[in-house]
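Commentary on secondary and tertiary structure
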Amino acid sequence: QKQGQVSMFFFSYNCYVDGKLLIEMRNGVAGFFSEEELAAGKGVVWTEGERKMRNKQLANLKDVKPFMLAPATQKTSFSEADMQKLSVAGQNPGTWGSVLGATAAEVRHKLCARKMLMIDRMTHVIPTGGKCGLGLIIGEKITERDHWYFPCHFKNDEVMAGSLVSDGCSQMLKVYMLWLGMHKAVDSVTFRPVYGVPNKVRCRGQISPHRGKLVYWMEITELGFDPKTGFPYAKADVNIIDVNFELGQSFDYSDEASLLAALDTYCKGDLARRVVVDFRGVALQIEGQVVASGQKPAEVSPHASGGLHLTGGFRSSLPPSKFMKWGATKAEGAYQPSVEGLCWHPMAGVNGNPIPGFPPTAYPPRPICFQPFPNNPNDNNHVPGELPLSWVNLCEFMCNKVSLCLGDEFAKFDDSTTSRSPAFDLQMVTRVLSVTGLEQEKGSTKWYGVDTNPSKGTMVAQFDCPADAWFFKGASNNALMPYSILMEIGLQTSGILTSWVKAPLTMPGKNILFRNLDATAKLLRHVDLRGQTITNTSVCTGYSMLGDMGIHRFKCTLAVDGSPFYEVDTSFGWFVPEVFEKQVGLDGGKKRDVWHKQPENAAAAAATPFVTFALPGDENAIFDAATGSGSLSQQHAVRRRSPQVQFLDGVTLAVGGGMHGQGYAHGFKNVDKKDWFFSCHFWCDPVMPGSLGIEAMHESLELYCVHSGLTRGVTRPQFNHDLGACRWKYRGQLTPKNDRMDLEVHVKSVKRDGPAVVVVADGFLYVDQLRVYSATDLRIRIEPSP
């Protein structure tokens, strides 16, 4: 392709070792340029979208402290002698200790061959710096005209190879990980790339022979411990600044303030301040035997510090340690207001913000996963009962006093165990903008004893959905929002609107429960929701009292930039707790086995081979068999990446089985009294969200698709939600008092849609053999990755 006088070509490649794919590269672009064109280049210039995303990251800084296992805080810069020592003798005992200090005394790792050392000094190590708050590291590589690498690349056209610059990124990231002390999590130090993490490179200038230096501007974007292996890992973005001494350029800033001010002038198109190359997604992990007694953060241990799954996506710092235990009693301060309040919220107490209240319960709290995008004027009013409702009001509603969100009329619920809004990982309302269409008569009791008609009202609320949310990090591909999260975003505004129109005030007592009963939901179009503000418009469509039970109906619409993409017609119920002491489920209280164990289905079940897998231990076998048979491409995105979005302890699969004869999956889970969602849903009323039961059905259906070969013929397959309607019905609940969850999924149709495959299924969920959920027309789409 020729554009003006610049010839460009586009390419990709796969690299195999012994027939096994090791590296793949896509969307490669190269061009032929004149010296004048290269000299006139402005380097990497950030787009408006990139700047917007950077500002969001800066406004939602993460906490590096959980990953500072043994930081070398006494030393925040490293000389040429230090770096040369690590490259020449890093493998010898005591070398790293002599450079970093006692915390690295046991490290024996040769940083690189001396000739390949691409970082001559590190001038700044700022662990709380950078766009994510996880680290800003500045390194330098000295360049001279006679350096060895220039004549190697190319003859009569000398330029430094980008691969060498990339090596410098890895070298600097290694030093920072060891500076943090992340090696303490394993018994030895072996660095490897993090498998499957894409690394994007943009070259917008050349590094030709000259006397000067390259400045490596590294910002850490993620730190963690692999949930399956426990290996510590780090990911970083790196910008390369070419400083040419021969042109009178310089880059020397000793203090942090002047450094940050200087960096802020780059990537804006200034010819004198150019980033010539940037790397996105540089990722390394330290492999070794995980140390049982190591000082690893809580996320490595399944049952430490407040439940499972504390990695992946943005998380605030951990709550105070005194709250982090199960079974706290009133004598230990449970259910009583704490002095600290919700102090670990990243915005609490900042710039004059109030600190929402917090009373501990028998379940430990969790880090904050969501906070408002910056500069929204609707986030500044915190007056209870006055619109707009802010993050402060909604935090009060999720885990403190209801009246501090809704107003004094709701004070009777403040010290109750009534259902709040979902909390922490599942709090998916950022702000409430407006309520219109109310029917009220002050002083009247005409509507079930209150002065507001619960059948009327429209609420508009928003959820600021971060691009690095935990559910995106855990799903099978980065753009896939799990269906359960779509459900939660769609339904949660109803839980606030029902209170705003005073439905709970029509109920007897104060310890009342709010539960979703049924819904018909329709996905209208596909939208990339990463980094978007999602607007929820929820309309009351009816309210009625049936004895001591209140039934509330809503129509909810989700939209981005004014365009709807998801609709839900749903009903909820307000109940007194006694209703659930003997739940009857979908079958009038009758307990039953799952489909393939029911006597009436014995003949059909006997005619179909069943294969059982223990999870997560046998999950590799499902995927290895599929890739080995050729039914699943080696390059796929159909495997969930985090235990937080995996809800099964085992699965049984039957190709061609089930009530429709098209395929069958049975999954089960032993109820873990310490599972993460019991702390989130609800704070004083622990129950597994129905949405996660539906999500478990999706998980079993995904595994069935892989096992049965439905991914065959789809290039680089990934899962997506198919457009159309899905229905669910709940007639019971799963709480920590239960022992076992079972589910069954029955495939009803498999259809080709161009290069994609659409799978539709029905499902049921059982709690201790009582069938309590049904789902109709679960929809999964297997499609080529973009």
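Look up: the structure comes first, before these words.
This write-up is about the structure you can find in this document. For clarity, every value in this text was computed on a predicted model and none was experimentally measured.

Here the focus is the packing of helix H10 (residues 483-500) against helix H13 (residues 690-708). Where H10 meets H13, the closest approach of the two axes is 8 Å, and the angle between their N-to-C directions is 155 degrees. It follows that H10 is roughly antiparallel to H13 by the angle criterion. Like other packed secondary-structure pairs, H10 and H13 cross with a definite hand, here right-handed. Here Tyr483, Ser484, Met487 and Glu488 of H10 lie close against H13, whose contacting residues are Ser691, Leu692, Ile694, Glu695 and His698. Of the residues that constitute the contact of H10 with H13, the class distribution is 4 nonpolar, 3 polar and 2 charged.

Turning next to the nonpolar core. Ranked by size, the top nonpolar core spans 128 residues in total, and within it Phe471, Met481, Ile534, Tyr566 and Trp728 carry the most contacts. Setting aside its immediate chain neighbours within four residues, Phe471 contacts Phe370, Met428, Cys465, Leu480, Met481, Pro482 and Ile485. Phe67, Val107, Leu173 and Ile207 belong to the second-largest nonpolar core, a separate cluster that totals 60 residues.

Turning our attention to the packing of helix H12 (residues 619-629) against H13. H13 packs onto H12 with a crossing angle of 40 degrees between their chain directions and a minimal axis gap of 8 Å. Along the contact surface, H12 presents Glu619, Ile622, Phe623 and Ala626, while H13 presents Leu703, Val706 and His707. Looking at the contact of H12 with H13 residue by residue, the classes come out as 5 nonpolar, 1 polar and 1 charged.

Another aspect to go through is a nonpolar patch on the surface. A cluster of nonpolar side chains, Phe9, Phe11, Tyr13, Val17, Leu22, Ile23 and Phe32, forms an exposed patch at the surface whose accessible area comes to about 720 Å². Counting residues per element, the nonpolar patch draws most heavily on strand S2 (residues 6-17), which supplies 4 residues. Structurally, Tyr13 can be placed in strand S2.

Moving on, we come to the packing of aromatic side chains. Inspection of every chain in the model, using the stated rule, returns 30 aromatic pairs. Pairing Trp470 with Trp676 gives two aromatic rings, centres 5.4 Å apart and planes at 70 degrees, and the pair type is edge-to-face. Residue Trp470 is located in helix H9 (residues 470-474), and its partner Trp676 is located in the loop between strand S19 (664-670) and H13; the two are separated by 206 residues in the primary sequence. The same class applies to Trp470 and to Trp676, which are both buried. With a centroid separation of 4.6 Å and 40 degrees between ring planes, the pair formed by Phe514 and Trp574 is classed as tilted. A residue pair is termed long-range when its members are at least 10 positions apart, and Phe514 in strand S13 (residues 513-523) and Trp574 in strand S16 (residues 563-575) qualify at 60 residues. Across the pair, Trp574 and Phe514 agree in class, each one buried. Each member of the aromatic cluster is reached from another via a ring pair, and the members are Phe370, Phe463, Trp470, Phe471, Phe472, Trp676, Phe677 and Phe678. Above the face of the Phe373 ring, Lys56 is positioned so that its terminal group lies 4.0 Å from the ring centre. Cation over ring: Arg771 sits above Phe764, and NZ or CZ is 4.4 Å from the ring centre.

The rules we used
Residues numbered from 1 in each chain as written. Predicted model: local features only at pLDDT ≥ 70, side-chain atom pairs only at ≥ 80, totals over all residues. Heavy atoms only, no water. Axes fitted to C-alpha atoms, helices over the stretch in contact; angles between N-to-C directions. Helix = DSSP H or I, 4+ residues; strand = E, 2+ residues; numbered from the N terminus. Parallel < 35°, antiparallel > 145°, perpendicular 65-115°, else oblique. Left-handed = near helix turned anticlockwise from the far one by under 90°. Contact = heavy atoms within 4.5 Å. Nonpolar A, V, L, I, M, F, W, Y, C, P; charged D, E, K, R; others polar. Core = buried A, V, L, I, M, F, W, Y, C linked by side-chain atoms within 4.5 Å. Buried < 20%, exposed > 50% of the residue type's maximum accessible area, 1.4 Å probe, protein only. Patch = residues over 30% accessible without salt bridge, like charges linked within 9 Å, V, L, I, M, F, W, Y side chains within 5 Å. Areas by Shrake-Rupley, 256 points an atom, 1.4 Å probe, with all protein chains shown as cover. Salt bridge = Lys/Arg side-chain N within 4 Å of Asp/Glu carboxyl O. Phe/Tyr/Trp six-rings, centres within 6.5 Å; stacked < 30°, edge-to-face > 60°. Lys NZ or Arg CZ within 6 Å of the ring centre and 35° of its normal.

Distances and angles like these do not, on their own, reveal function.
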